[in-house]
Amino acid sequence: MPKLGMEPIRKEALVKATIVEIGRVGSLDVTVSQIAKRAGMSSALAHHYFGSKEDIFLAAMRHILTLYGAEVRGALSVAEGPEGRIRAILRASFSPGNFRREAVSAWLNFWVLAQSVPEAKRLLAVYQGRLRSNLTAGLRPLAGVRAPAIAASLGAMIDGLYLREVLKSGPPDGAAAAELALRHLEAELLRGTENAG
């Protein structure tokens, strides 16, 4: 008979093990057996909780998105002014919790999964929509009609910096990545004031 209350603990262990295994291998080419072993349980139990490897991957991505969303909300709650809000989003995107090797690998593989799995595509669209909305809201008072275009370029820069990170060796450098994104923001805002003048 299963122990009461163990299901959420075991599911969380499997989700975390999935993220670690994807980071270790660098792709979705991991087995349920590898994930279960890292989580300290049988692959049969992993299948019992999630059904399929795809479902485990989706649960891992929901976990990463939940952590990312919480960090962004926390950063926004203390940000001051429109530009402060944009800077907070950019810094949160590259924080140590979000920009660690395992999470970066999971993101890259999530983009791949979204090409063929409708639920992954939906999750990705939700994330992109929220990011675009948050950036546009902060940019509108600063850049007016250019806000959506700048928000799109910042979103693309975030994605590009994650992609660049997964292709390099060594530990992730979130501070350097955030600095690049912030410089892009400053250049876009400066370009707008030069065009207005």
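Refer to the structure presented above.
Residues numbered from 1 in each chain as written. Predicted model: local features only at pLDDT ≥ 70, side-chain atom pairs only at ≥ 80, totals over all residues. Heavy atoms only, no water.

This part covers the overall build of the chain. Scanning the chain from terminus to terminus reveals nine helices and zero strands. Based on the C-alpha atoms only, the size of the chain along its principal axes is roughly 70 × 35 × 30 Å. Looking at the chain as a whole, 41% of its 197 residues qualify as buried. Excluding contacts between residues fewer than 6 apart, the proportion of contacts in the chain whose partners are at least 24 apart in sequence is 67%. When the accessible area of the chain is evaluated, it comes to approximately 10,300 Å², of which 58% is carbon and sulfur surface. In the chain, the 25 positive side-chain charges and the 18 negative ones have mean positions that sit 4 Å from each other. (Helix = DSSP H or I, 4+ residues; strand = E, 2+ residues; numbered from the N terminus. Buried < 20%, exposed > 50% of the residue type's maximum accessible area, 1.4 Å probe, protein only. Contact = heavy atoms within 4.5 Å. Areas by Shrake-Rupley, 256 points an atom, 1.4 Å probe, with all protein chains shown as cover. Lys, Arg positive; Asp, Glu negative; His and termini not counted. Charge placed at Lys NZ, Arg CZ, Asp CG, Glu CD.)

Another aspect to go through is empty space enclosed by the protein. The final tally for this structure, using the stated rule, is two cavities of 30 Å³ or more. Volume-wise, the largest cavity comes out at about 70 Å³. Lining the largest cavity, in full, are I19, I22, L28, F57, A60, M61, A106, N109, F110 and L113. Of all the secondary-structure elements, those providing two or more residues to the lining of the largest cavity are α1 (6-25), α4 (53-78) and α6 (101-113). (1 Å grid on protein atoms, 1.4 Å probe; cavity = no way out; pocket = protein on both sides within 12 Å on 5 of 7 lines; lining within 4 Å. Points joined across faces, edges and corners; volume = space filled by probe spheres on them.)

A few words now on the nonpolar core. Ranked by internal contacts, the top residues of the largest apolar core, which has 65 residues, are F94, W107 and L139. Residue contributions to this core peak at 12 residues, all from α4. If sequence neighbours within four positions are ignored, W107 has contacts with M61, I64, L65, L124, Y127 and Y162. (Core = buried A, V, L, I, M, F, W, Y, C linked by side-chain atoms within 4.5 Å.)

With their axes 9 Å apart at the nearest point, α6 and helix α8 (residues 147-167) run at an angle of 115 degrees to one another. Between α6 and α8, the crossing angle belongs to the class labelled roughly perpendicular. Here α6 runs over α8; the crossing is left-handed. Contacts between α6 and α8 involve R101, V104, S105, W107, L108 and W111 on the former and, on the latter, D159, Y162, L163, E165 and V166. Residue composition of the contact of α6 with α8, grouped by class: seven nonpolar, one polar and three charged. (Axes fitted to C-alpha atoms, helices over the stretch in contact; angles between N-to-C directions. Parallel < 35°, antiparallel > 145°, perpendicular 65-115°, else oblique. Left-handed = near helix turned anticlockwise from the far one by under 90°. Nonpolar A, V, L, I, M, F, W, Y, C, P; charged D, E, K, R; others polar.)

Our next topic: the environment of A17. Structurally, A17 is set in helix α1. Once you skip the residues sitting within four places of it in the chain, A17 turns out to touch I35, R38 and A39.

None of this, on its own, says anything about what the molecule does.
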